[in-house]
Number of protein chains: 2
Amino acid sequence: LAADRARWWGWGEPPAGSALPLGAEALLREDMGLDVSVRTPAVSLEEVNLPDSALPTSAREALVRVVGEEGVREDRPERVLRAAGKSYPDLLRQRTGDCSTAPDAVVAPRTAAEVAAVLDVCAAAGVAVVPFGGGTSVVGGVEPLRGACGSVISLDLEHLDRIAAVDTRSLTARIESGLRLPAAEAALNAQGLTLGHFPQSYEFATVGGCVATRSAGQASTGYGRIEDMVVGVHCVAPAGALDLLAVPATAAGPDLRELVVGSEGAFGVITETELRVRPVPEARRYEGFFFRSFAEGSEAFRALAQEGATPDVARLSDESETRVSLAMAGRHGVKARMGEALLRRRGYADGCVAICGWEGSAKEVGRRRARTARALRAHGAMAVGQSPGRAWVRGRYAAPYLRDELLDRGVLVETLETAATWSALPGLYAGVSDALRGALTADGDPALIMCHVSHLYRPGASLYFTFFTRAHPGAELEQWRRAKTAASDAILAAGGTITHHHAIGHDHVPWLAREVGETGVSALRALKDQLDPAGVMNPGKLIA
Amino acid sequence: LAADRARWWGWGEPPAGSALPLGAEALLREDMGLDVSVRTPAVSLEEVNLPDSALPTSAREALVRVVGEEGVREDRPERVLRAAGKSYPDLLRQRTGDCSTAPDAVVAPRTAAEVAAVLDVCAAAGVAVVPFGGGTSVVGGVEPLRGACGSVISLDLEHLDRIAAVDTRSLTARIESGLRLPAAEAALNAQGLTLGHFPQSYEFATVGGCVATRSAGQASTGYGRIEDMVVGVHCVAPAGALDLLAVPATAAGPDLRELVVGSEGAFGVITETELRVRPVPEARRYEGFFFRSFAEGSEAFRALAQEGATPDVARLSDESETRVSLAMAGRHGVKARMGEALLRRRGYADGCVAICGWEGSAKEVGRRRARTARALRAHGAMAVGQSPGRAWVRGRYAAPYLRDELLDRGVLVETLETAATWSALPGLYAGVSDALRGALTADGDPALIMCHVSHLYRPGASLYFTFFTRAHPGAELEQWRRAKTAASDAILAAGGTITHHHAIGHDHVPWLAREVGETGVSALRALKDQLDPAGVMNPGKLIA
């Protein structure tokens, strides 16, 4: 992101933003009684409250000796852009111009050796370090907290952007951390290969950021989560480098790769990862299916996962999300095309839509598609063709732009996600839905809560919630915190994980302790103390 | 194992031992010039040198208060059986009656709570604890080392032998650590389920032992390694319990499950694991294929792995192992059946045999078998039918019994294994073969070195070596150490992992440090210090 162009208060770079679809405005008005005609845009960059840099001169000089004068930036656009990630609280703070906790400088090393030298300087000078890739964290992962340090830098990995090597025999690629996913895909595609990792943040997220946050992408049901792709990793910690061999499998003790994956910059900086890659698929096909209910669809998805009939992309919207997405699609939607009457006659009119996608050779896609469709039909599905699949593909990265529009118009909108075993999933869905509804409507406000299943595993699946309510100007953070706390408590109570693919960051720290217990946190703490004895690495993230 | 019946100096329980096949004796004589007619059996139990128990009376009394009088055993058969695992050095020591380092007592708690209480007693009294499941370690994993402690107990998990729960919707089972694999399979099979984990030590290995040592079984190409099956785990450490939620996937920081899996008792005692299970396969089919060379077969296996055409069992013997196994099979072997002349005419006479196995519904087995066979033929294979597959199934757990026979007859026989990316595999094969040959033949002795590929992954595969030479009575350990060191150095030099499925134990400790580096070892050390501050857990294993 070019700091002078990026939407530091929102998503992406203008003019990428998209207007609110007509259907959405009507829905918010009719369904929730929200008047979204008034816009309250973000303050201008000049209006942002940005304190002077507190980076000590001696530390600044030492950093300049490592990365050069151009590698240490303290100007307003650079610091403001890196003052927050992209969670609702982040955007709220940025939009109102509160950058009081912005990093004191943005430091951009050019090599892994320079990363190590920067960490040496910071550890010696007591300067906190927040590794920064795409800055797309929605859980406070790049919040520039100082911990016990007097100042904090944002360590920007933008210059570590090479594909260091491709091993076409082993189908692996060594990729530096700062490379953005689209650039990684483009370079791999040129060699006939793909990483197959497409999170919603795809346009801006970096490879290293995905590894550090244990990311899953929209096609991870097929391609695997990022940790399934990691065969080797290099992580520079203040106490030394973890250089973990690229091997397909090993029984050499606890898997230290799995300690680095998901370490969120709290132990060190991941500078390079060796990842599995695959041949670019010759064909892609995405299709829609209808179910009579979310429960019916979930059971069908369980059958897919356990019978080995999974597609690469598998998403199932609940009744609420289905209703909203069909309303937004208007006369282009499935209901309009198939005819409401037909759907009603067959029992699908108030049902749920699923999107399935297959990628591979044309023959494989055909064979696998037939297998999935057969299993889904056996569990109650009605196939509704490729049109909903194509619509999903078109809009797959659009939601964060829409969120900016909604924030402009006084709507509180946030997402959260979890995963559980198939046995726990119905209780988890009900528990989180109820908790969100209770928290959001406590003051008599309207609430819209939607959910989808988006990642299938043999033992269980993920749930992704999106919720909307009327924002109370000046009290949005309290509203958000109440909903977030209620949902997170409900997740733990129902046997879910506090996060399936958003990571811990700062926001989930209290629930990690409940999920892995005191002994688990003490183990992570011991690791951090060993690898980062000065406590400068991303303070306040992952563990308290 | 009943201590009064088990072969404390070898494998299994009599009369399970099998005689040396006729072909083997001839091969050793003709091929290697070894006279294997003289037998030197193990000493009798009464002749074993077993020191008095050094367990302090106060510690003994405290342990009795936890597990009862019958739970603390100090008699000769019990202590001798748990004095060693099943590596070549272990058996050598046992056969000559050297149990000078036997555990001072065998303690058998009945519940996870009793395990915790035993650890409390031992931590307070400075008594070392060696968790003991099936006792089948071949890397010194159950060697009763005392570390800085004055005494050591073998913590036998035999009473933790229940399947605590089966979740048929999520297809997972919570299994206590001391349950042996055949008992686990029998109980699961009764519910129509299978774990699908069949290491060569299957008859005696426990579920917890497999998890603690990051085990892979003969069908793990299809069913996955043990870590791929773990969804939740409970580990009792002296500092507290790690109780890790059963979730299908999570982004909640570093994966602590992956720290417990492979921890080899050095952090704590795994008392229970929740594992993925699958429906019992309706059909099983195992077949043989011939390749003109190991290199050709390896390339064909790479194609299987990368084209998604893998069978569940996939093994490829090199030329040497093929020659030996055909000689042992004699007139029942493929060569005899197909006709040497035909094989020679088609170029396979000096080639390599592969075994592939498929399990699942009859339809799936048929479909997948056809796919594998098509891919193998495209890469040079000749299908040789089900007879070699059936022979492999019959003998799949036999090798350790044969080893006892060979040790009786003065043959040094040992195995070791590794894994690497497909790119590194040819160099690894050559490097380890050369290193072993050099070390074994340095004094003019004959050497037989065989190898097979047994686990396929998209980025690489495993290599499993078996080697034979004439044992020098009284100097066997030096011979062994020279070969082991040369092979291990060669593994690291060629980019392999020091172990693909045997674990670190005591024997691989020096090479783990080279594989994960000083920073990696320091991270493991920090974890151990946190979870086991008194340093009583399995001293000398995993890390020095």
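For the structure itself, consult the block above.
This section reports on the structure supplied with the text. Not measured: the values here are computed from a predicted model.

### Thoughts on the overall build of chain A
Helix and strand counts for chain A come out as 20 helices and 18 strands. Radius of gyration (C-alpha) of chain A: 23 Å, near the 24 Å computed for a compact globule of 544 residues. Each of the three principal axes of chain A carries a C-alpha extent, and together these read 75 × 55 × 45 Å. Counting the 544 residues in chain A, one finds 62% classified as buried. Nonlocal contacts in chain A, meaning residues at least 24 apart in sequence, comprise 77% of its contacts between residues at least 6 apart. Charge-centre separation for chain A: the mean point of 58 positive side chains lies 8 Å from the mean point of 65 negative side chains.

### Description of the relation of the copies chain B and chain A
Superposing chain B onto chain A takes a rotation of 180° combined with a translation of 0.0 Å along the rotation axis, leaving an RMSD of 0.0 Å. The transformation relating the two chain copies, once decomposed into turn and shift, fits a two-fold axis.

### What to know about the sheet that holds strand 10 (residues 269-276) of chain A
Residues and elements named next belong to chain A. Here we have five strands laid out as an open sheet, ordered 5-6-10-8-9, and antiparallel in their pairing. Among the strands making up the open sheet, the edge pair consists of strand 5 (163-167) and strand 9 (240-244). Direction aside, the axes of adjacent strands within the sheet are offset by 10° on average. Note that strand 5 and strand 6 (residues 172-176) share four bridges and pair antiparallel. Paired with Val166 across the bridge in strand 6 is Ala173.

### Looking at the environment of Phe301 of chain B
Residue and element names in this part refer to chain B. Within the fold, Phe301 resides in helix 11 (residues 294-306). Sequence separation between Phe301 and Arg174 is 127 residues; the distance between their C-alpha atoms is 34 Å. Ignoring anything within four residues of it in the chain, the contact list for Phe301 reads Ala314, Arg315, Leu316, Ala354, Cys356, Leu376, Trp422, Val453 and Leu456.

### What about the sheet that holds strand 2 (residues 105-107) of chain A?
Residues and elements named next belong to chain A. Spatially, 1-2-4-3 is the arrangement adopted by the four strands of the open sheet, whose pairing is mixed. Of all strands in the sheet, those with a lone pairing partner are strand 1 (72-73) and strand 3 (127-132), marking the two edges. Pairing of strand 1 with strand 2 involves two bridges; the strand directions are antiparallel. Paired with Val72 across the bridge in strand 2 is Val107.

### A few points about the state of the cysteines
Per the counting criterion, the structure on display carries zero disulfides over all chains. Not engaged in a disulfide, the cysteine Cys356 of chain A finds its nearest cysteine sulfur in Cys352 of chain A; these two sulfurs lie 13 Å apart. Here Cys356 of chain A falls in the buried class, since its relative accessible area comes to 0%. A disulfide-free cysteine, Cys235 of chain B has its sulfur positioned 15 Å from the sulfur of Cys122 of chain B, the nearest such atom.

### Notes on the packing of helix 18 (residues 425-441) of chain A against helix 19 (residues 476-493) of chain A
All names here are of chain A. The N-to-C vectors of helix 18 and helix 19 enclose an angle of 160°; their axes lie 8 Å apart at closest approach. Taken together, helix 18 and helix 19 sit at an angle that is classed as roughly antiparallel. By crossing handedness, the relation of helix 18 to helix 19 is classed as right-handed. Two secondary-structure elements touch here, helix 18 through Leu428, Gly431, Val432, Ala435, Leu436, Ala439 and Leu440 and helix 19 through Arg482, Ala483, Ala486, Ala487, Ala490 and Ile491. Here the contact of helix 18 with helix 19 is built from residues that sort into 11 nonpolar, one polar and one charged.

### Points about the interface of chain B and chain A
Contact with chain B, which involves 77 residues of that partner, is made by 77 residues of chain A. In this assembly, chain B packs against chain A so that about 5,800 Å² is buried in total across both faces, 60% of it on carbon and sulfur atoms. On the surface where chain B and chain A come into contact, there are four salt bridges. A salt bridge links Arg371 of chain A to Glu364 of chain B; its shortest N-O distance comes to 3.7 Å.

### A few points about the packing of aromatic side chains
Residues and elements named next belong to chain A. A complete count under the given rule lists 12 aromatic pairs over all chains for this structure. Judged by centre distance (5.6 Å) and plane angle (85°), the rings of Trp11 and Phe204 are edge-to-face. Here the residue Trp11 occupies a position in the segment before helix 1 (22-32), and Phe204 occupies one in the loop between strand 7 (193-194) and helix 7 (207-212), the gap between them amounting to 193 residues. Phe204 carries the same exposure label as Trp11, and that label is buried.

### Brief notes about the pattern of salt bridges
Inspection of the entire model under this criterion finds 80 salt bridges over all chains. In this structure, the salt-bridge partner of Arg60 of chain B is Glu74 of chain B, at a minimum N-O distance of 2.5 Å. Of this pair, Arg60 of chain B sits in helix 2 (residues 57-67) while Glu74 of chain B sits in the loop between strand 1 (72-73) and helix 3 (76-81), and the two are 14 residues apart along the sequence. Several salt bridges share partner residues, and in doing so they unite Glu25, Arg39, Arg95, Glu405, Asp408 and Arg409 of chain A into one network.

### Considerations on the pairing of strand 19 (residues 460-470) of chain B
If a strand is regular, its side chains alternate between the two faces of the sheet. All names here are of chain B. Strand 19 sits mainly inside the fold: 10 of its 11 residues count as buried. One ladder, built from 11 bridges, connects strand 16 (residues 411-421) with strand 19; its direction is antiparallel. Within the sheet, the bridge partner assigned to Ala420 lies in strand 19 and is Ala461. Across six bridges, strand 17 (residues 447-453) lies against strand 19 in antiparallel orientation. Directly across from Met450, in strand 19, lies its bridge partner Thr466. Two elements, strand 18 (residues 456-457) and strand 19, share two bridges in a ladder whose sense is antiparallel. Within the sheet, the bridge partner assigned to Tyr457 lies in strand 19 and is Gly460. Hairpin connection of strand 18 to strand 19: two residues between the antiparallel strands.

### Details of the pairing of strand 4 (residues 151-156) of chain B
Residue and element names in this part refer to chain B. Within strand 4, six of the six residues are buried, leaving the element largely enclosed by the surrounding structure. Across the two faces of strand 4 the burial is the same, with Ser151, Ile153 and Leu155 and Val152, Ser154 and Asp156 all buried. Where strand 2 (residues 105-107) meets strand 4, three bridges bridge the pair, whose relative direction is parallel. Considered in strand 4, the bridge of Val106 is made with Ser154. Pairing between strand 3 (residues 127-132) and strand 4: six bridges, direction parallel. Residue pairing in the sheet places Pro131 in a bridge with Leu155 of strand 4.

Scoring rules and cut-offs
- Residues numbered from 1 in each chain as written.
- Chains lettered and ligands numbered in written order.
- Predicted model: local features only at pLDDT ≥ 70, side-chain atom pairs only at ≥ 80, totals over all residues.
- Heavy atoms only, no water.
- Helix = DSSP H or I, 4+ residues; strand = E, 2+ residues; numbered from the N terminus.
- Rg over C-alpha atoms; globule rule 2.2 N^0.38 Å.
- Buried < 20%, exposed > 50% of the residue type's maximum accessible area, 1.4 Å probe, protein only.
- Contact = heavy atoms within 4.5 Å.
- Lys, Arg positive; Asp, Glu negative; His and termini not counted.
- Charge placed at Lys NZ, Arg CZ, Asp CG, Glu CD.
- Least-squares fit on C-alpha atoms with pLDDT ≥ 70 in both.
- Pairing = 2+ DSSP bridges.
- Axes fitted to C-alpha atoms, helices over the stretch in contact; angles between N-to-C directions.
- Disulfide = S-S within 2.5 Å.
- Parallel < 35°, antiparallel > 145°, perpendicular 65-115°, else oblique.
- Left-handed = near helix turned anticlockwise from the far one by under 90°.
- Nonpolar A, V, L, I, M, F, W, Y, C, P; charged D, E, K, R; others polar.
- Buried area = accessible area lost by both parts, 1.4 Å probe.
- Salt bridge = Lys/Arg side-chain N within 4 Å of Asp/Glu carboxyl O.
- Phe/Tyr/Trp six-rings, centres within 6.5 Å; stacked < 30°, edge-to-face > 60°.

This is a description of form; function is not addressed.
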